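# Examining the three-dimensional arrangement
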Amino acid sequence: MALPPVPEAIMPRAQCSAQAPDAARQLAQALGPGPFAAVILFVSPLADLPALARSLPAAFGATRVLGCTTAGEIGAEGYAEGEIVAIGLPAPWFAVESLPVDLARIEAEALIGRMIRARAALADAHPGWDSEFAFLMVDGLSVREDELTAALGPGLGPMPLFGGSAGDGTRFGETFVLSDGAFRRGHAVLTLVRSLCRVRVFSFDHLIPSERRMVVTEADPARRIVRQINAEPAAREYARLLGKDPGQLTSFTFAAHPVVVRVGGKHHVRAIQQVAPNGDLVFFSAIDEGLVLTLAEPQDMALHLDAALKSLSDAGPPAAILACDCILRRMEAQEKQRYGAVSALLRHYGVAGFSTYGEQVNSMHVNQTMTGVAIYPPEVSAQPPGAEQG
């Protein structure tokens, strides 16, 4: 059975098993009749994606349905696996324009023009709605996220952007983005949202840079591969700095011992995805020769997450939180036996979203963070279109 939406939610949500033969119908029924400016689906890779796509028109009618595959879901009970999580953006509070992007042809000037026209159309249609944000979902194995976010930056203006890279569990086989009625590889979809509700886009991590540094001395930037660190084979040198045997390096090692780079006065994670058979290190985001990498040490994830999510309530609690949470954070929580505590916090604060192969914030592609948007109840005096005036 699909779980019911959060009662009286600004952003109603529902979920069901990804392998349910009538998943779309269950989700649509649980979300309610709307009307919705858009419905967003976070879909386990266990789902039959073509069948799900075919069933969407019958379930949601003309409503715009967007989404992507995941490396895990965040639903009503916190962390979830093998589910589809649906969120609705009700038309009385939200207006949406979606821009599909073919990652094989990122044409920056044309993309910026499309963004400016879409933002202007939203503003013209809803002149009293002052809040806006952009939400990006992108193929997580495309190796094009850095290029895409850099291209989007000039078109954003004051509109804050967050997003996540689609996942494939822990298999890293193929990832898909849903737009225009189909799940596609090599694509992204940028959703521009204008709202009567106050919003706050955020990005945080629980990492503290150490004094241990290393230099990338040989790399293949186009494939995000590092071959040498400090003029030594990359995996061997990384393991030496950790005091480990290179044969002991796993995804859990990378999650527990990330590396960061300093950009614009702040440190950003450049997460390692895996060790190649030849000893190269494959990264989740942009890497280049001459880059100085700093080992970072994580704080207690649950304590940090509690404080970070609590800070979103400084001016009153949000009605909803939509978040993109790196798969490496989930792995670290499992490795350090904090999975249950982190999941309970996600449930407590009402977070919905998915685990990603990378995150985007404004014009940057990052890793091992949680990015998202907190959505607050509208002012008491605010009335959605068609509401009765007292």
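Our structure is the block above this text.
Residues numbered from 1 in each chain as written. Predicted model: local features only at pLDDT ≥ 70, side-chain atom pairs only at ≥ 80, totals over all residues. Heavy atoms only, no water.

### Notes on the packing of aromatic side chains
Per the stated rule, a full pass over the model turns up ten aromatic pairs. Between Phe172 and Phe284, the aromatic rings sit 5.9 Å apart at their centres with planes inclined by 50°, giving tilted as the arrangement. Residue Phe172 is located in the loop between strand S9 (161-165) and strand S10 (177-179), and its partner Phe284 is located in the loop between strand S20 (281-283) and strand S21 (292-298); the two are separated by 112 residues in the primary sequence. A residue is classified by how much of its surface remains accessible, and Phe284, at 3% relative accessible area, is buried. Pairwise contacts between aromatic rings join Phe42, Phe133, Phe135, Phe162 and Phe354 into one cluster. Lying across the ring of Tyr376, Arg198 places its NZ or CZ 3.9 Å from the centre. (Phe/Tyr/Trp six-rings, centres within 6.5 Å; stacked < 30°, edge-to-face > 60°. Helix = DSSP H or I, 4+ residues; strand = E, 2+ residues; numbered from the N terminus. Buried < 20%, exposed > 50% of the residue type's maximum accessible area, 1.4 Å probe, protein only. Lys NZ or Arg CZ within 6 Å of the ring centre and 35° of its normal.)

### A closer look at helix H7 (residues 301-311)
Listing the buried residues of H7 in full gives Met301, Ala302, His304, Leu305, Ala308 and Leu309. All buried residues of H7 project into a common sector of 160° when viewed along the axis, lining one side. Summarising the contacts, the buried residues of H7 are in contact with strand S13 (199-204), strand S22 (320-326), helix H8 (327-335), helix H9 (339-348), strand S23 (351-356) and strand S26 (370-375). For H7, the N-terminal cap is Asp300; the gap from its side-chain oxygen to the backbone nitrogen of Ala302 is 3.1 Å. (Arc of directions from axis to C-beta. Contact = heavy atoms within 4.5 Å. Polar contact = N/O pair within 3.5 Å; in protein donor to acceptor, adjacent residues only side chain to side chain.)

### Examining the sheet that holds strand S12 (residues 187-195)
The mixed open sheet is built from six strands, whose spatial order is S7-S12-S8-S9-S24-S25. The sheet is open, and its two borders are formed by strand S7 (94-102) and strand S25 (364-366), each paired with just one other strand. Between one strand axis and the next, the sheet turns through 20° on average, direction left out of account. Sheet topology note: the strand S8 (residues 131-138)/S12 ladder contains eight bridges and is antiparallel. Counterpart to Leu136 in the pairing with S12 is Leu190. Helix-sheet contacts for helix H3 (residues 108-125) involve S7, S8 and S12, and the interaxial angle to S7 is about 170°. Most of the contacts of helix H4 (residues 145-156) go to S8, to which it runs at about 160°, and overall it touches S7, S8, S9, S12, strand S24 (359-361) and S25. (Pairing = 2+ DSSP bridges. Axes fitted to C-alpha atoms, helices over the stretch in contact; angles between N-to-C directions.)

### A short note on the side chain of Thr191
Residue placement: Thr191 occurs in strand S12. Beyond its immediate sequence surroundings of up to four residues, Thr191 is in contact with Leu66, Val96, Glu97, Ser98, Phe133, Ala134 and Phe135.

### Some details on the nonpolar core
Ranked by internal contacts, the top residues of the largest apolar core, which has 54 residues, are Phe42, Leu148 and Leu190. Among the elements that take part in this core, S8 stands out by supplying six residues, more than any other. Residues in contact with Leu190, not counting those within four places in the same chain, are Glu97, Ser98, Leu99, Met115, Ala134, Phe135, Leu136, Leu152 and Leu161. In terms of nonpolar packing, the next biggest core, distinct from the first, is built from 26 residues, Ala28, Val39, Leu56 and Phe60 among them. (Core = buried A, V, L, I, M, F, W, Y, C linked by side-chain atoms within 4.5 Å.)

### As for the side chain of Gln368
One can find Gln368 in the loop between S25 and S26. On the accessibility criterion, Gln368 (0% relative accessible area) is buried. There is a polar contact of 2.6 Å between the side chain of Gln368 and the backbone oxygen of Ala255. Setting aside residues up to four positions removed in sequence, Gln368 forms contacts with Asp205, Leu207, Phe254, Ala255, Pro258, Val269, Ala271, Cys326, Leu328, Arg329, Glu332 and Glu359.

### Digging into the pairing of strand S3 (residues 65-69)
In terms of burial, S3 is largely enclosed, as five of its five residues are buried. As defined by bridge partners, strand S2 (residues 36-43) adjoins S3 across five bridges and the pair is classed as parallel. Residue pairing in the sheet places Phe42 in a bridge with Cys68 of S3. Note that S3 and S10 share two bridges and pair antiparallel. Across the sheet, Gly67 pairs through a bridge with Leu178, a residue of S10.

### What to know about the packing of H3 against H4
Close contact between H3 and H4 brings their axes to 8 Å; oriented N to C, the two are set at 45°. One way to sum up the angle between H3 and H4 is to call them oblique. Considering the relative orientation of H3 and H4, their crossing is right-handed. Counted together, Ala108, Leu111, Ile112, Met115, Ile116 and Arg119 of H3 and Leu148, Ala151, Leu152, Pro154, Gly155 and Leu156 of H4 form the full contact between these two elements. The residue inventory of the contact of H3 with H4, partitioned by class, reads ten nonpolar, one polar and one charged. (Parallel < 35°, antiparallel > 145°, perpendicular 65-115°, else oblique. Left-handed = near helix turned anticlockwise from the far one by under 90°. Nonpolar A, V, L, I, M, F, W, Y, C, P; charged D, E, K, R; others polar.)

### Observations regarding the sheet that holds strand S6 (residues 83-90)
Taken in spatial order, the six strands make up an open sheet running S1-S6-S2-S3-S10-S11, and their pairing is mixed. Every interior strand has two partners, whereas the edge strands, strand S1 (13-17) and strand S11 (182-184), have only one. For this sheet, the mean angle separating the axes of adjacent strands, direction not counted, is 20°. Packing against the sheet, helix H1 (residues 23-31) makes contact with S1, S2 and S6, and its axis sits at approximately 155° to S1.

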